[in-house]
Amino acid sequence: MAPGPTCTLSVDRQGVATIVLTNPPVNALHPDVLSALQNLLEECHSRADVKAVVITGSGKNFCAGFDIAQFAAQSPEKVKESVSGASQILTRVLEEGAKPTVAAIQGVALGGGCEVAAACNARVCTPDAKIGLPELQLGIIPGFGGTQRLPRLVGLQTGLELILTSKSVKGAKAHSLGLVDEIAKTPQELLATAKAVALDLASGKRKRVRTLDREDRLEPKDIAKMILGIAREQTKKRAPNVQHPLLCIDAIEAGVLNGGKAGLAAETAAFNEAARLPAHKALVNIFFAMRGTKKVKGVSDGTKLAVPKRKLGTVAVIGGGLMGSGIATASLEAGMSVVLKEINQKFLDAGVSRIRSNLTSRVKKGKLTEQKLEQMMQRLKGVLTYDRRDFQQVDIVVEAVIEVVGLKQQIFKDLEEVCRPDCILSTNTSTIDITLIAQKMRQPERIIGAHFFSPAHVMPLLEIVRSSQTPADVTRDLLRYGSQIRKTPVVVGNCTGFAVNRVFFPYTMAAMLLADAGVDAFRIDRVVQRAFGMPIGPFRLTDLVGGDVSKHVGGNFLLSFPERTYGNPSGQIAQLNDKKWFGEKTARGFYRYDKGEKKRTKAVKDLEAIGPVFQKSAQHAQTHLGVPSLLGVSDRDIVEMIFYPVVNEACRVLAEGIVEKPKDMDIASVMSMGFPAYRGGLVHWADAECGAAHIAARLQTFAKMFPQQSGFFVPCEYLLNCAYRGVPLSQGQAFYQSPVSRL
Ligand SMILES: C[C@H](O)CC(=O)SCCNC(=O)CCNC(=O)[C@H](O)C(C)(C)COP(=O)(O)OP(=O)(O)OC[C@H]1O[C@@H](n2cnc3c(N)ncnc32)[C@H](O)[C@@H]1OP(=O)(O)O
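Residues numbered from 1 in each chain as written. Predicted model: local features only at pLDDT ≥ 70, side-chain atom pairs only at ≥ 80, totals over all residues. Heavy atoms only, no water.

Focus: the overall build of the protein
When helices and strands are counted, the protein shows 31 helices and 19 strands. A compact globule built from 743 residues would reach a C-alpha radius of gyration of about 27 Å, and the protein, at 29 Å, matches this within 12%. Overall, the C-alpha framework of the protein stretches about 90 × 65 × 60 Å when taken along its three principal axes. When burial is assessed residue by residue, the protein has 56% of its 743 residues classed as buried. Long-range contacts, defined here as pairs at least 24 residues apart, represent 72% of the contacts in the protein between residues at least 6 apart. (Helix = DSSP H or I, 4+ residues; strand = E, 2+ residues; numbered from the N terminus. Rg over C-alpha atoms; globule rule 2.2 N^0.38 Å. Buried < 20%, exposed > 50% of the residue type's maximum accessible area, 1.4 Å probe, protein only. Contact = heavy atoms within 4.5 Å.)

Next up, the structure:
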């Protein structure tokens, strides 16, 4: 049986002790690892046969930091105790103990792992080691001295940048910044190099340095104050709705101005304060939810499937438009070969040039070399027909043509003839029922949805849509393809709009209903974006998607869910379509789009042009559709009227089992719509900041306020069930079996 979280100790003949952090796969600092580390260090300091100590990690990694599972499993008090206790111990026994210490870093040294290394008297790493302090991404700040030691190793400006952006650096960069002292030429030489440094420190050949005492890399105090002031201002702008980055700057400042030890005390206080705030719980939820999406019951949860894993070397993308070229780009970047199919040479050339331009923008950002770009383009083959010689090589097809059912049906009928029987056949439809698309196939169960978000080579989410017929091995291998092209895949069931589009459809619809009730649309966008934290408001989003697409998608929803789709025949979307103001792509929609500096598009509020559209829409809604004229609506009302219908739809999706786990909905909302991660995702936010009972009551109030549109607001049974039982929405699936009426 594998040992629990611990550390092991061995001492070589030259008197170098090696302590190995042992908690696979990433050697997270569970309290048992921390206490074993303390005990073994104390033993080393007292043993006569030990001259110096090397700390390393078992397996491929040094250490990924404090055990994040503790944040969920332990009481906040216990966590604070563990962290502040360990922080003092690291200073006393690792940095200031009788024997010098050296970190031998392989793989990752992140968070607490980086802090353990920084507290050692020297650091050696492999060339590909990854070192950094990503704690802010978890809504906390470094708590083992990282806010003090990192700036002392690399300077305040660089230290601040690394901590505030949660960026990590690799071997050579870490060395040039002063974060590590030496790089082992090969991973095999890591321990020997670290031991040599340890012996040099023990013999005095190398000066033993205590990082916390260092001042040499810190900028003079007046400059440091200026740097901190600028960092504060930028942070307030970049992350206006969270406090922990500012708490982090406070802790760094305390150390820079008053010395390392005072800084450590300030860090502990700031850590405790951050750990108390809702953003911390929310971001820890996101951390585990993201990893949980890959574990699908009966598919990728350790279940052994009879069909072996497919080779996923070649993908065929059908359609070289915006979506298709994005999918092809992501696949090329993942090292795959791509067959791009178009209907004529002109479209094919346009698709290929889009792919080249996607990759060129990576080159411009320094993320790709010209040489690699050319190698990738060599793996791309453009075709105009379904030639068996090409399609027999293909392991997976992603169809990405326009949303016309008949066209898609024909494509899959053709594909079935030319592809191997084991080839995965997937469609990138965003709303159409996948069984409808498969209707002309001999084996309709072969089809699966691979819903990407635009731009497909950038957006991180992949919605995998399976029907009740989809074989588990096909879902498993599409999940593998998703990971291969570095997407976070979320497996969902089949229905109109699947999970993301279905749940977020009420988002824009509610905004339009509110505008028809007389609420200023630009205020709605402002509140949703600035106060709530979405990347853009619903009207701006509609412009991005395009009024024409919105009309089409709205029609689909009206067909599937007529009782809860708000439709105004003289509404804003209908008028924008009449005017051919299709949003950003036509430079006009709810906003006017001007080319600003550096050719950046700027959204401009043009009341003169759009005002009459809103007025006409509201007049029709209030006169003929019974929409009330609302006065005195608060910002909070706006948030609730827009997001509670979204939560309501998420509840329906949970009730129908369209998503397997509520946490999948959290991830999908963050990664597709940009729902603020610091609110933990849609369902987490609803539970943590609102509560089922409050949401249900407010929806009932809204339903009364809008009697003719009550279907849009009326709470669904799942939501009511949770409200009556006092159960969080995230746990409602366990209880949902019995409808409320039978309670
Ligand atoms: C007091 C201190 O300042 C506070 C802290 O240290 S807080 C922790 C700071 N550290 C971090 O944020 C690092 C978090 N981890 C990561 O970024 C990534 O997991 C990684 C880069 C280390 C590895 O990535 P990758 O190879 O893709 O594997 P990934 O699936 O993410 O992780 C492998 C497993 O390790 C777990 N894991 C990773 N880091 C962990 C951590 N710090 N604590 C607990 N579990 C962790 C994951 O949950 C996952 O578990 P699973 O297999 O059961 O799902």
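Next comes the rest of the account.
Details of the site of the ligand
As a structural note, the neighbourhood of the ligand is formed by 24 residues, with Gly112, Glu115, Glu135, Arg291 and Lys295 the closest of them. Contact distances for the ligand include 2.7 Å between an oxygen atom and a side-chain N or O atom of Glu115. Computed on the free molecule, the ligand has an accessible area of 980 Å², of which 71% lies beneath the protein chains in the complex. Counting only elements with at least two residues in the shell around the ligand, the list comes to β5 (108–110), α4 (112–119) and α12 (278–292). (Near = heavy atom within 4 Å. Polar contact = N/O pair within 3.5 Å; in protein donor to acceptor, adjacent residues only side chain to side chain. Areas by Shrake-Rupley, 256 points an atom, 1.4 Å probe, with all protein chains shown as cover.)

Structural notes on the packing of aromatic side chains
Considering all chains together, one arrives at 24 aromatic pairs under this definition. Between the aromatic rings of Phe504 and Tyr507, the centroid separation amounts to 5.9 Å while the plane-to-plane angle is 75°, which identifies the pairing as edge-to-face. Residue Phe504 and its partner Tyr507 are located together in helix α20 (residues 500–516), separated by 3 residues, close to a single helical turn. By the ring-pair criterion, three or more aromatic residues cluster together here, those being Phe504, Tyr507, Phe532, Phe643, Tyr644, Phe675 and Trp685. The ring of Tyr386 carries Lys341 above its face, with NZ or CZ at 4.6 Å from the centroid. Taking NZ or CZ as reference, Lys579 lies 5.0 Å from the ring centre of Trp581, over its face. (Phe/Tyr/Trp six-rings, centres within 6.5 Å; stacked < 30°, edge-to-face > 60°. Lys NZ or Arg CZ within 6 Å of the ring centre and 35° of its normal.)

Focus on a nonpolar patch on the surface
A surface patch of nonpolar side chains, amounting to about 280 Å² of accessible area, comprises Ile223, Met226 and Ile230. Among the secondary structure elements, Met226 is positioned in helix α9 (residues 221–238). A residue is classified by how much of its surface remains accessible, and Met226, at 53% relative accessible area, is exposed. (Patch = residues over 30% accessible without salt bridge, like charges linked within 9 Å, V, L, I, M, F, W, Y side chains within 5 Å. Salt bridge = Lys/Arg side-chain N within 4 Å of Asp/Glu carboxyl O.)

Observations regarding the sheet that holds strand β7 (residues 130–132)
Here 3 strands make up an open sheet; going across it, the order is β5-β7-β8 and the pairing mixed. Lying at the two open borders of the sheet, with one neighbouring strand each, are β5 and β8 (168–170). Across the sheet, the mean angle separating the axes of adjacent strands is 20° when strand polarity is ignored. Looking at chain direction, β7 and β8 are connected through 3 bridges and run antiparallel. When the bridges of β8 are listed, Lys130 appears paired with Lys170. Where α4 meets the sheet, it contacts β5 and β7, and its direction lies at approximately 90° from that of β5. (Pairing = 2+ DSSP bridges. Axes fitted to C-alpha atoms, helices over the stretch in contact; angles between N-to-C directions.)

Notes on the domain arrangement of the protein
Partitioning the protein into structural domains gives domain 1 (6–276), domain 2 (314–494) and domain 3 (506–578 + 613–735). Between domain 1 and domain 3, the C-alpha centre-to-centre distance is 45 Å. (Domains from an automatic or database assignment.)

A word on helix α23 (residues 547–560)
Under the 1.5 Å per step criterion, the end-to-end length of α23 is 20 Å for 14 residues, consistent within 8% with the ideal 20 Å. Along α23, the positions that sit buried rather than exposed are Gly547, Val553, Gly554 and Phe557. For α23, the angular spread of the buried residues around the axis is 120°, confining them to a single face. More than 90 degrees from the buried face of α23, the exposed residues found are Lys551 and Leu559. On its buried face, α23 sits against α20, α22 (538–545) and α24 (572–579). (Expected span 1.5 Å × (residues − 1). Arc of directions from axis to C-beta.)

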